[in-house]
Amino acid sequence: MEITLAALHGRWTTLIIRELLRGDRTFSELRQALPALSDKVLSDRLAHLAEAGVLDRHRRPNWPPRVRYSLTSRGRDLGPVLQALWDWGSPHRPSDT
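The sections below set out a description of the structure shown in this document.

Our next topic: unusual backbone geometry. In this chain, Trp-63 is followed by Pro-64 through a cis amide linkage whose omega measures -5°. Turning to its location among the elements, Pro-64 is positioned in the loop between strand S2 (55-60) and strand S3 (66-71).

Let's shift gears to the packing of helix H2 (residues 13-21) against helix H4 (residues 39-51). At a minimum axis separation of 10 Å, H2 and H4 run at an interaxial angle of 70°. Relative to H4, the element H2 lies roughly perpendicular. Counted together, Thr-13, Ile-16 and Ile-17 of H2 and Leu-42, Arg-45, Leu-46 and Leu-49 of H4 form the full contact between these two elements. Broken down by class, the residue content of the contact of H2 with H4 amounts to five nonpolar, one polar and one charged.

What follows concerns the pairing of S2. Across six bridges, S2 lies against S3 in antiparallel orientation. Bridging across to S3, Arg-60 finds its partner in Arg-66. Count of turn residues in the S2/S3 antiparallel hairpin: five residues.

So, on to the packing of H2 against helix H6 (residues 78-89). Where H2 meets H6, the closest approach of the two axes is 11 Å, and the angle between their N-to-C directions is 125°. In terms of orientation, H2 and H6 fall into the oblique class. Note that H2 runs across H6; the crossing there is left-handed. For the pair formed by H2 and H6, the contact residues are Thr-14, Ile-17, Arg-18 and Leu-21 on the first element and Leu-78, Gly-79 and Leu-82 on the second.

Looking now at the nonpolar core. Ranked by size, the top nonpolar core spans 21 residues in total, and within it Ile-16, Ile-17, Leu-46, Val-54 and Tyr-69 carry the most contacts. Secondary structure elements with two or more residues in this core: H2, helix H3 (27-33), H4, S3 and H6. Among residues more than four places away in sequence, those in contact with Tyr-69 are Leu-20, Asp-24, Arg-25, Thr-26, Phe-27, Leu-30, Leu-46, Leu-55, Asp-56 and Arg-57.

Parameters and conventions
- Residues numbered from 1 in each chain as written.
- Predicted model: local features only at pLDDT ≥ 70, side-chain atom pairs only at ≥ 80, totals over all residues.
- Heavy atoms only, no water.
- Helix = DSSP H or I, 4+ residues; strand = E, 2+ residues; numbered from the N terminus.
- Axes fitted to C-alpha atoms, helices over the stretch in contact; angles between N-to-C directions.
- Parallel < 35°, antiparallel > 145°, perpendicular 65-115°, else oblique.
- Contact = heavy atoms within 4.5 Å.
- Nonpolar A, V, L, I, M, F, W, Y, C, P; charged D, E, K, R; others polar.
- Pairing = 2+ DSSP bridges.
- Left-handed = near helix turned anticlockwise from the far one by under 90°.
- Core = buried A, V, L, I, M, F, W, Y, C linked by side-chain atoms within 4.5 Å.
- Buried < 20%, exposed > 50% of the residue type's maximum accessible area, 1.4 Å probe, protein only.

In C-alpha cells:
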C-alpha cells in the first residue's frame with residue numbers, strides 16, 4: 001500500500017494518470033486537459049511518475065522536438081486502483097453546507 005501511495009503522492013497526480021489512461025498525451029495536451037495545473041507542477045509530476053516507473057517519456061527527434069507520455073504496464077495497472085478510490089470517495093463527498 002505504501003508503494004502505491006508513494007507513486008500517487010502529490011496533488012494532481014491521479015488526474016494526470018487519469019488522462020494518460022485515456023491514451024498517450026503530449027505536455028500541451030495534458031496542460032489543456034488540466035488548465036488549473038501550472039506548467040511547473042505538471043513537469044514535476046511527470047518527472048516523479050517517470051521515476052516511479054509509471055510512465056514513459058518518448059522524445060521524437062524532429063524540430064521542434066515532440067515528447068509524448070504514455071503509461072507503462074505498471075501505470076496502466078493503476079486504473080482499477082483509481083477506480084476503487086473514486087468508487088469509495090464518490091458517496092463520501094463532504095456536503096456543501
